[in-house]
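# Fold and geometry: a report
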Amino acid sequence: MKAVIVTELGGPEVLQVQDVEKPEINQDEVLIKTEAVSVNFADIKARQGAFHGVKGAGFIPGMECFGTVERVGEGVTGIKVGQRVAAFTTGGSYAEYAKANENVTYPVPDGVDVETAAASLMVGVTAYNVLRNTARIQKGETVLIHAAAGGIGTTACQLAKKFGAKKVIGTVSSLEKAEAAKHAGADKVINYKEEDFVQQTLDETEGKGADVILDTIAGENFNKSLECLAPFGRAVIFGHANDDSAPGTVKTNMLHASCRSVLGYSTGTCIKERPEALEEAAHEIFRMLKDNELDVYVSQTYSLDQAAEAHAHIESRKSKGKMLLKI
C-alpha cells in the first residue's frame, strides 16, 4: 500500500510517499480502507519530534481516519466489515489502509459525507470534551476561545453556543481568520496581532473576565489569559502551538483566593489511557452532524502525495478550519 513516511524528524520535506505492507491487526482491532484523513497540528508536532510518544523517524503520521472496514479481529463484536467508520488509528493514518482498536472506532451515520466524517472526529471529540466534561460549561457563561478560526476553534464556537454560552469571544491572527470565527458563531473576534485580547475580553465582560478559556497555544498566551479569567473561571490547556512549544506558568496565589482553576486535557492521552472517555463525545458529534446541528468547516483537501504541502500550509499560520488528505 501507499503511505506517507516521516523519513527523518524535521520540516515538511521529510514526508515521503513509500510502498509499505498493509497493517496486521490484532484480535481487538479493525483494518480500515481509508478514504480521507484529517491533518492535525499534532501531526506536525510528531513530525518535528515534539509530540509525546514520538521517539524517532520512520513512522506513518496521522491520528485519525475515515473509511470502510475491510477486516475485523476475532475479538471484535461491535464493528462489522463494510461499515463506514471514523477511528483514532494505531500506527498512523496517512495511508491507503490503517488499523484501529475497536474501542476507538465509531460508526458514521448515513448522510454524513466523506469530507465531514473525516474532518470531525478529533476536533469534535476534543471540543466537546474540553467544554462539557473538563470546563463543565454552564448556561449563561462567557467563553474565550484562542485560535478560534482553526478546526477545533470553529467547532468549539458552535458547541459553546449549543451548550448555553451567553457570549463567545474568539482570538485570531488576521482579518480573514476573523470572518471564519464569526461564521462559526463567535460574538466578538479579537485580532491579537493588533489588539490586546486581555483588555478586550475585560471590556466585553464589564471587567469580570471569561468564565471559560480554551487555550491550545500555551506559553505567554496562557500567562496573559489568566489576567482575564473570571472568578470561579476555568482555563483548559490542551496544546502548546506557540512557535517554541513553550509551556505557560501559573502562580498558585492567582488561583485559590479567586476560586479559579487551570485544567489539562489531551485526546491523545484519553485514547491510550481512558478510551471510554471519548465515546459519548464521538457519538454525540456524529449525531449532531447527521441532524445538521453542527458544521465542521473543511477549507482545503490534498492528495496523499501532497502531505508536505498540507503541513507547510498549516505551519504558515494561514490555514482555517480543517484540512484533509483524500486517499
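Residues numbered from 1 in each chain as written. Predicted model: local features only at pLDDT ≥ 70, side-chain atom pairs only at ≥ 80, totals over all residues. Heavy atoms only, no water.

### Structural notes on the overall build of the protein
We count it as follows: Numbering goes from the N terminus for both helices and strands, where a helix is a DSSP run of H or I of at least four residues and a strand is a run of E of at least two. Based on C-alpha atoms, the radius of gyration is set beside the globule rule, defined as 2.2 Å times the residue count to the power 0.38. Think of it this way: Lys and Arg go in the positive column, Asp and Glu in the negative one, and His and the chain ends go nowhere. Charge positions come from single atoms, namely NZ of Lys, CZ of Arg, CG of Asp or CD of Glu.
Across its full length, the protein holds 9 helices and 15 strands. In terms of overall dimensions, the protein is globule-like: its C-alpha atoms have a radius of gyration of 19 Å, near the 20 Å expected for 327 residues. A principal-axis box enclosing the C-alpha atoms of the protein has dimensions of 60 × 40 × 35 Å. Charge centroids of the protein, computed over 35 positive and 44 negative side chains, lie 4 Å from each other.

### Description of the pairing of strand S15 (residues 322-326)
This is how it is decided: Exposed residues in this analysis have more than 50% of their type's maximum accessible area, buried residues have under 20%, and partly exposed residues fall in between, with area computed by a 1.4 Å probe over protein chains only. Whether two strands pair comes down to DSSP finding at least two bridges between them.
The element S15 is extensively covered by neighbouring structure, given that 4 of its 5 residues are classed as buried. In the sheet, strand S3 (residues 29-39) pairs with S15 via 4 bridges, with the strands oriented antiparallel. Bridging across to S15, Ser 38 finds its partner in Leu 324. Where strand S14 (residues 298-303) lies against S15, 5 bridges are found, and the strand directions are parallel.

### A word on the state of the cysteines
For clarity, the cut-off: Disulfide: a pair of cysteine sulfur atoms within 2.5 Å of each other.
For the structure on display, the rule yields 0 disulfides. Residue Cys 228 stays outside any disulfide, its sulfur separated by 15 Å from that of Cys 157, the closest cysteine. Considering cysteine sulfurs only, Cys 65 is the nearest to Cys 270, which forms no disulfide, with 19 Å between them. A residue is classified by how much of its surface remains accessible, and Cys 270, at 14% relative accessible area, is buried.

### Focus on the environment of Gly 268
Tracing the chain through its elements places Gly 268 in helix H7 (residues 267-273). Classification of Gly 268 by relative accessible area gives buried; the value is 10%.

### Observations regarding helix H2 (residues 114-134)
Rules: Expected span, for any helix, means 1.5 Å times one less than how many residues it has. The angle between axes fitted to the seven-residue stretch ending at a residue and the seven-residue stretch beginning at it gives the bend at that residue. Contacts described as polar in this section are N or O atom pairs within 3.5 Å, which, within protein, must combine one atom able to donate a hydrogen with one able to accept it, while residues neighboring in sequence count only if both atoms come from side chains.
When the terminal C-alpha atoms of H2 are compared, their 29 Å separation across 21 residues agrees well with the 30 Å that a helix rising 1.5 Å per residue should span. If you look at H2, its biggest bend is around 50°, right at Ser 120. Among the 21 residues in H2, 17 count as buried, and that is most of the element. Where H2 begins, one side-chain oxygen reaches toward the backbone nitrogen of Glu 115, 3.1 Å away; that side chain belongs to Asp 113. Just past H2, the residue Arg 136 takes up positive phi, approximately 50°.

### A closer look at the environment of Val 212
We apply this condition: Contact between two residues is taken to exist if any of their heavy atoms lie within 4.5 Å; hydrogens are not considered.
Tracing the chain through its elements places Val 212 in strand S11 (residues 210-215). According to the relative accessible area criterion, Val 212 is buried, its value standing at 0%. Counting along the chain gives 52 residues from Val 212 to Ala 160, while the straight-line C-alpha distance between them is 9.9 Å. Once you skip the residues sitting within four places of it in the chain, Val 212 turns out to touch Ala 135, Glu 141, Thr 142, Val 143, Leu 144 and Arg 234.

### Describing the pattern of salt bridges
Going by this rule: Between Lys or Arg on one side and Asp or Glu on the other, a salt bridge is scored when a side-chain nitrogen of the former is within 4 Å of a carboxyl oxygen of the latter.
For the structure on display, the rule yields 16 salt bridges. For Lys 182, the salt bridge goes to Glu 179, with nearest N and O atoms at 4.0 Å. Of this pair, Lys 182 and Glu 179 both sit in helix H4 (residues 175-183), separated by 3 residues, roughly a single helical turn. Residue Glu 179 is classed as partly exposed on the basis of its relative accessible area of 45%. One network of salt bridges, in which partners are shared, links Lys 162, Glu 284, Arg 287, Lys 290, Asp 291 and Glu 293.

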